[in-house]
Amino acid sequence: MENFVIKGGHELFGEVNISGAKNAAVAIIPAAILAGDVVRIENIPQISDVQLIIEILDSMGAGIKLINKNTIEIDSTNLQYQGVPYELSSKFRASYYLIGAMLGRFKKAEVAMPGGCNFGVRPIDLHIKGFEMLGADVDIVDGMVCAEADKLVGASIYMDVVSVGATINVMLAAVLARGLTVIENAAKEPHIVDLANFLNSMGADVRGAGTDVIKIRGVEKMHGCTYSIIPDQIEAGTYMVAATACGGDVLVKNVIPKHLESISAKLIEAGAEIIEYDDAVRVTRFKPLTKCNVKTMPHPGFPTDMQPQMAIVLAIANGTSILTENVWDNRYQYIGQLLRMGAKVQVDGKIAVFEGVERLTGVNVKATDLRAGAAMIIAGLVADGTTTVENINYIDRGYEDVVAKFSSLGADIKRVKTENKQTAKTAG
């Protein structure tokens, strides 16, 4: 078992390089099997979710070749259909992208229901609706999603609510279907666009990604390609928030500034100064933090995956701030950890009201999910004294080299093995 031990009170200075996008990688890697060919994927983040999806493809018989730590070749030329091992696919949320990819390639799929962070139910009814409208029969048997079709035929599919996962899964299933598929009320996140660009690089015909209407004209066959994943919007936002909370001067490199606009806007409102460059943003903060109100929304709104991190800024900002979560039902589990550190927060349903305090105090806290874990790191960085963050397996799911990156900015953070034999609750 490992923990992060953080000694707070240091401003952050320096540069940090952002890794490839987790949310893009966990969709693009399974999508590679649609090619039936050799695909090289670059800028892959070294995180546990990515390692899991690669392990799953390897167990299914795909040829996996590591070119370097951030580049992989996947050869699915001779891949034969088989169910995805339950013990692997049940561990994380993005396992359900294998349903769309396998349904597209083999016209059948058998994958465990998604696991991952526990901050709300993960219904896949929209995924199932999309698969069924394309012509598949879908059943859930003993925790496994079983989908099969004689053939897949394009259809018009309206998403009842904006769903990133369902949008991606229908895209994966539709690229090799016959005819035209139209997804209305589609999600518009950057990784949706990245997946569409990847699919098109393999010979698909996907248009409109990044808007609320995506049109997919099915093709007979796809082929290999070389593709580089976009930078991670949420990782970049996490370091931007950390620089704002701690104060200092940080250059966040290898980013697409346009993807960060909603985050930048709120940090500026809270007291940071942000300068955009072609592929970097500079975040400085030397004046007191001021209150601001934040509402999470689907892209291009403020990302739900940045909500816990932004909460640390609100916890120590002067005045009363209101945080509204509009995406997930149960994403405030981390608030109990913040209260132990001296934050003043009241939660009522989807609304959290923060009365800014002068300082937080270091204590032992737990990561309740991936992004809440990142928030606990930031809280530890701004707190007086020493903070120990437990359950860091959650954090490893989405952040590459988090200790090295924060340390390079002057943070005092270490990964420490403990003698405690009680195992941390695993994701899923």
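Let us now look at the confidence of the model for the protein chain. Here the protein chain averages 94 in pLDDT, while 96% of its residues score no lower than 70. Low pLDDT (under 50) marks residues 422-428, which in the prediction has 17 contacts with non-local residues, meaning those over four places away or in another chain.

All right, on to the pattern of salt bridges then. What the rule picks out here adds up to 19 salt bridges. For lysine 405, the salt bridge identified is with glutamate 235, shortest N-O distance 2.7 Å. Taken together, the positions of lysine 405 in helix 14 (residues 402-408) and glutamate 235 in helix 8 (residues 233-246) put the pair 170 residues apart, joining distant regions of the chain. Salt bridges sharing common partners tie together Glu2, Asp396 and Arg415.

Relative to strand 8 (residues 144-148), strand 7 (residues 137-141) runs antiparallel, the two sharing five bridges. Residue pairing for strand 8: aspartate 137 is matched across the bridge by glutamate 148. Between strand 7 and strand 8, which pair antiparallel in sequence order, lie two residues; one of them, aspartate 142, sits at a positive phi of approximately 50°.

Relative to the helices and strands, methionine 222 is located in the loop between strand 12 (213-217) and strand 13 (226-228). On the accessibility criterion, methionine 222 (3% relative accessible area) is buried. Not counting the four nearest positions on each side in its chain, methionine 222 is found in contact with Leu34, Ala35, Val175, Leu176, Leu199, Met202 and Ala204.

Turning our eyes to something else, we now look at the pairing of strand 16 (residues 280-285). Burial of strand 16 is extensive: five of the six residues sit out of reach of the surface. The sheet contact formed by strand 14 (residues 248-253) and strand 16 spans six bridges and is antiparallel. Counted as the bridge partner of valine 250 is valine 283 from strand 16. Where strand 15 (residues 273-276) lies against strand 16, four bridges are found, and the strand directions are antiparallel.

Parameters at a glance
- Residues numbered from 1 in each chain as written.
- Predicted model: local features only at pLDDT ≥ 70, side-chain atom pairs only at ≥ 80, totals over all residues.
- Heavy atoms only, no water.
- pLDDT = per-residue confidence, 0-100.
- Contact = heavy atoms within 4.5 Å.
- Salt bridge = Lys/Arg side-chain N within 4 Å of Asp/Glu carboxyl O.
- Helix = DSSP H or I, 4+ residues; strand = E, 2+ residues; numbered from the N terminus.
- Pairing = 2+ DSSP bridges.
- Buried < 20%, exposed > 50% of the residue type's maximum accessible area, 1.4 Å probe, protein only.

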